[in-house]
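Tertiary structure, described
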Amino acid sequence: MSRLKWALVGVAIVVLGLNACAAREPLPPPAAEAGLEESPARAFVEALRPQRTGRPVVAVLALNEGTETTDFLLPHAVLRRAGVAEVQAVAPRRGPVRLYPALQVEVDQSLADFDRLHPAGADYVIVPALHEDDDPAVTAWLRRQQALGARVIEVCAGALVLGRAGLLAERRFVTHWYYRDKLQARHPGATFVPHQRYVVDRGVATTTGITASVPAMLALVEALGGRERAQAVAAELGVATWSPAHDSRPFGLDAGRRRYALTRAAFWRHERWSVEVHEGMDDVALALAADAWTRTGRVSVEAVSPSGPVRLRSGLLLTAQPAFGTAPRLPLAPELPPVRQLDRTLCEIAARFGAERRDWVMQELEYPGPAAACPGAS
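Residues numbered from 1 in each chain as written. Predicted model: local features only at pLDDT ≥ 70, side-chain atom pairs only at ≥ 80, totals over all residues. Heavy atoms only, no water.

Bringing the pattern of salt bridges into the picture now. Inspection of the entire model under this criterion finds 23 salt bridges. Close ionic contact of E364 with R295 constitutes a salt bridge, the shortest N to O distance being 2.6 Å. Remark: R295 occurs in the loop between α11 (283–294) and β13 (299–304) and E364 occurs in helix α13 (residues 355–365); sequence separation between them is 69 residues. An identical accessibility class is assigned to E364 and R295; each is buried. Of the charged contacts in the structure, one is a salt bridge between E335 and R344, with a shortest N-O distance of 3.3 Å. You can call E335 exposed: its relative accessible area is 57%. Through salt bridges with shared partners, one network takes in E68, D291, R295 and E364. (Salt bridge = Lys/Arg side-chain N within 4 Å of Asp/Glu carboxyl O. Helix = DSSP H or I, 4+ residues; strand = E, 2+ residues; numbered from the N terminus. Buried < 20%, exposed > 50% of the residue type's maximum accessible area, 1.4 Å probe, protein only.)

Okay, the confidence of the model for the protein next. When pLDDT is averaged along the protein, the result is 88, and 84% of the positions lie at 70 or above. Considering only residues more than four positions removed or in separate chains, one finds that residues 1–23, a stretch of pLDDT under 50, has 30 contacts. (pLDDT = per-residue confidence, 0-100. Contact = heavy atoms within 4.5 Å.)

Turning our attention to the packing of helix α8 (residues 213–225) against helix α9 (residues 227–237). Any two packed helices are characterised by the angle at which their axes cross and by the distance between the axes. Close contact between α8 and α9 brings their axes to 7 Å; oriented N to C, the two are set at 145 degrees. The chirality of how α8 crosses α9 is right-handed. Contacts from L218, V221, E222 and G225 in α8 reach R227, R229, A230, V233, A234 and L237 in α9. (Axes fitted to C-alpha atoms, helices over the stretch in contact; angles between N-to-C directions. Left-handed = near helix turned anticlockwise from the far one by under 90°.)

Looking now at helix α5 (residues 136–147). Compared with an ideal rise of 1.5 Å per residue, which puts 12 residues at 16 Å, α5 spans 17 Å between its outermost C-alpha atoms and is within 8% of the ideal. Looking only at α5, the buried set comprises V138, T139, W141, L142 and Q145. Taken around the axis of α5, the buried residues stretch over an arc of 165 degrees, which confines them to a single face. The exposed set on the far side of α5, more than 90 degrees from its buried face, consists of P136 and A147. Against β1 (57–61), β3 (86–90), α4 (111–117), β6 (124–127), β7 (151–154) and α6 (158–164) lie the buried residues of α5. For α5, the N-terminal capping position is held by D135, with its side-chain oxygen 3.2 Å away from the main-chain nitrogen of A137. (Expected span 1.5 Å × (residues − 1). Arc of directions from axis to C-beta. Polar contact = N/O pair within 3.5 Å; in protein donor to acceptor, adjacent residues only side chain to side chain.)

Printed below as a string of structure tokens:
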């Protein structure tokens, strides 16, 4: 899909969803009982322990026509970094996968290729938000994988894809705040769980918005490789905790945000930026920074490299073009742990485009906010 079409889709979603979101009943506050936070975390980890002998196989799904950037890149990168499973990216067709809102990668394994290599199916399937939630090939493949015993873990609006495959029926679920009402309308027997970043119900796990991929994947690493391995990966990423605890109440469209969303639509893709990429570049930092900057509605981000496509740290091949003109460069801080790049990026967005635009990006990413105040903030 062209960038213009993506932009128009985004504008339509904002405009059509304002009244429905405005009418939503307010959520109750999170429960405050001591120890309650640990119970869902333990339940999630125990439910996702390996069920088969041998090295687990994890398939990270993509749709060639459009897959959310962080939803896809981060789970693949974190699980590859952890080294606790055989992790494979798959798509309906071998070849380019356009990521939204920025970047493009090459996936060298089709769904049919995966099935030939793994006739017993995957142990785990990761489902990001896809441009089409009812792609027939994806829906049929997910049903087959689940029937073969795979545990299915979605990220963000990947819950829409699971719903189309019949995997949310009568289950407890979470999703990105924007799609909660849609999923409850489509699947009245399913039960939304507030104040949890991830939940699992009978082999199907769901997460809240985009940045929930971080704690959910660390919880999966703990299930596969143990607590110490998860702690080591979390330290490398710059993450203090992967608890599922999450206050859902700040996320939604109040009157001020509805006005801002309509204003934002008028500025979609105002500046063309480049990000210089290189062999072995960290997928997580790149994904979070490119995703956040692009969601300001003022920036489009394209990967550039004098040598053409590059292999990211995870092994994925990232499409890159020669540098163009004097385009602004997307700022990255390689000295930071990868996840801390998002905090820095949010501070830079506020400095360049204002706090209101930074706050909207946090809404879209469903991110509670930087761990520390921005430098120079009062």
